[in-house]
Amino acid sequence: MSIEEIKVEQLNIDTFVAEKTAEIRSAVGDGLAVNALSGGVDSSAVTLLGHKALGDRLKTYFIDNGLMREGEPQFVVETFKKLGIHVELVDSRKEFFAALKGLSDPEEKRKIGITQTFYKDVFARIVKESGAKFLLQGTILTDVEETTAGIKAQHNVLAQMGIDTEEAYGYTVLEPVIQLRKPAVRLIAEALGLPKSISQRPPFPGPALTARVIGEATPERIELVRKATVIMEAELAEVPHFQCMAILHEDRMTGIRDGKRDFGLQIEVRCWDTQDCVTAKPARVPYEVLERLADRLTSEVPGVVSVTYHVAKKPPSTMEAV
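As the structure is a computational prediction, the values presented were derived from the model and not from experiment.

1. What about the sheet that holds strand β1 (residues 33–36)?
Then step 1. An order of β3-β2-β1-β4-β5 is seen for the 5 strands of this open sheet, with the pairing classed as parallel. The sheet terminates laterally at β3 (87–91) and β5 (172–174), the two strands that pair on one side only. If you compare each strand with its neighbour and ignore which way they point, the axes differ by 30 degrees on average.
Then step 2. With respect to the sheet, helix α5 (residues 106–130) is in contact with β1, β2 (58–64), β3 and β4 (134–136), its orientation differing from that of β2 by roughly 145 degrees.

What follows is the structure, given as structure tokens:
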């Protein structure tokens, strides 16, 4: 299925918003829809488009899968409450960790641990209980391109991979911003009144911190990379960049602690400059910032003895590690 891209320089914001709200309203009719809000700019923009189109006939949910950044569920719920939108918080942590148990292959983690659990289990149940027939989500063009090219399966790419969501899950997926890339979505988000804390937020992957853990994503390993993420985001806050990430490696590294051998963990830090996510290059982070970051990660995150900085461009690298 071919998708016609709307580039930033072609985007008429008022026209786009009017057309997409009309499309949502026409598709849903007099019925109900639900939407999955992660707090990222894509899903947040779609949430505002959906509520503009449907009002209270759009039910918004934040799925707490246990894989998000520190304090993320509460931050998202409170931010949208200030915008007059009620977000229902759904605790699905046990379901997601049960699905991820024993999985180490990146594509299995995405498809079995995240996609199937999210769409077939959690949201299928929510949709059935609500009586809605439609799910709104923030798929963008880059998600589709990376999935259909076989680079990595984005959890929110379904119809483009031949999945009939009505048959598979019992509802139809609507994707209002699928023609856009991230910079254009940010413009839409700003126009809809989202605060900069959302509209200018660095991207965060749909599979959340499972994309930052190489190997099995256990609750313990997710908690380690969550702690590392808090430290990394604080230390790189003043460095201009598009996206940054802390990645927990699977291999153990030999280190020294208290004069003794410490067979510990490795954290890889990535910090990217890009315009469209199609190509990217590592940000030139001052060495003193990297040194301070390494000192904090090795002293504040239990078991970490090694910190590296990623310097390969995309391509041949990708922005996320897995």
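Back to the text.
2. Brief notes about the pattern of salt bridges
Then step 1. One pass over the full model with this rule turns up 19 salt bridges.
Then step 2. Residues Lys-20 and Glu-23 are paired through a salt bridge, measuring 3.3 Å at the closest nitrogen-oxygen approach. Remark: Glu-23 and Lys-20 occur in helix α1 (residues 13–28); sequence separation between them is 3 residues, near one turn of the helix.
Then step 3. Overall, Glu-23 belongs to the partly exposed group, its relative accessible area being 43%.
Then step 4. Where Glu-107 meets Arg-110, a salt bridge forms, and the shortest distance between an N and an O atom there is 4.0 Å. Here Arg-110 and Glu-107 lie together in helix α5, a separation of 3 residues that amounts to about one turn.
Then step 5. Salt bridges linked by common partners bring Arg-69, Glu-72, Arg-201 and Glu-233 together as one network.

3. Details of the packing of helix α10 (residues 219–235) against helix α11 (residues 287–300)
Then step 1. Between α10 and α11, the least distance of the axes is 10 Å, while the angle of their chain directions is 160 degrees. Between α10 and α11, the crossing angle belongs to the class labelled roughly antiparallel. Note on packing geometry: the crossing formed by α10 with α11 is right-handed. In contact with Ala-228, Ile-231, Met-232, Ala-234 and Glu-235 of α10, α11 contributes Val-289, Arg-292, Leu-293, Arg-296, Leu-297 and Glu-300.
Then step 2. Looking at the contact of α10 with α11 residue by residue, the classes come out as 7 nonpolar, no polar and 4 charged.

4. Side note on empty space enclosed by the protein
Then step 1. Going through the model one piece at a time under the given rule, you end up with 2 cavities of 30 Å³ or more.
Then step 2. By residue class, the composition of the lining of the second largest cavity is 4 nonpolar, 1 polar and 2 charged.

5. Topic: the nonpolar core
Then step 1. Counting residues in each nonpolar core, the largest one holds 86 residues, and the members touching the most others are Ile-63, Phe-123, Tyr-171, Leu-180 and Leu-236.
Then step 2. For this core, the leading source of residues is α5, giving 8 residues.
Then step 3. Excluding its chain neighbours within four sequence positions, the residues that come into contact with Phe-123 are Val-34, Asn-35, Ala-36, Tyr-61, Ile-63, Phe-118, Leu-135 and Tyr-171.
Then step 4. Of all hydrophobic cores here, the second largest spans 7 residues; its members include Phe-242, Ile-247, Trp-272 and Cys-277.

Criteria and thresholds
Residues numbered from 1 in each chain as written. Predicted model: local features only at pLDDT ≥ 70, side-chain atom pairs only at ≥ 80, totals over all residues. Heavy atoms only, no water. Pairing = 2+ DSSP bridges. Helix = DSSP H or I, 4+ residues; strand = E, 2+ residues; numbered from the N terminus. Axes fitted to C-alpha atoms, helices over the stretch in contact; angles between N-to-C directions. Contact = heavy atoms within 4.5 Å. Salt bridge = Lys/Arg side-chain N within 4 Å of Asp/Glu carboxyl O. Buried < 20%, exposed > 50% of the residue type's maximum accessible area, 1.4 Å probe, protein only. Parallel < 35°, antiparallel > 145°, perpendicular 65-115°, else oblique. Left-handed = near helix turned anticlockwise from the far one by under 90°. Nonpolar A, V, L, I, M, F, W, Y, C, P; charged D, E, K, R; others polar. 1 Å grid on protein atoms, 1.4 Å probe; cavity = no way out; pocket = protein on both sides within 12 Å on 5 of 7 lines; lining within 4 Å. Points joined across faces, edges and corners; volume = space filled by probe spheres on them. Core = buried A, V, L, I, M, F, W, Y, C linked by side-chain atoms within 4.5 Å.

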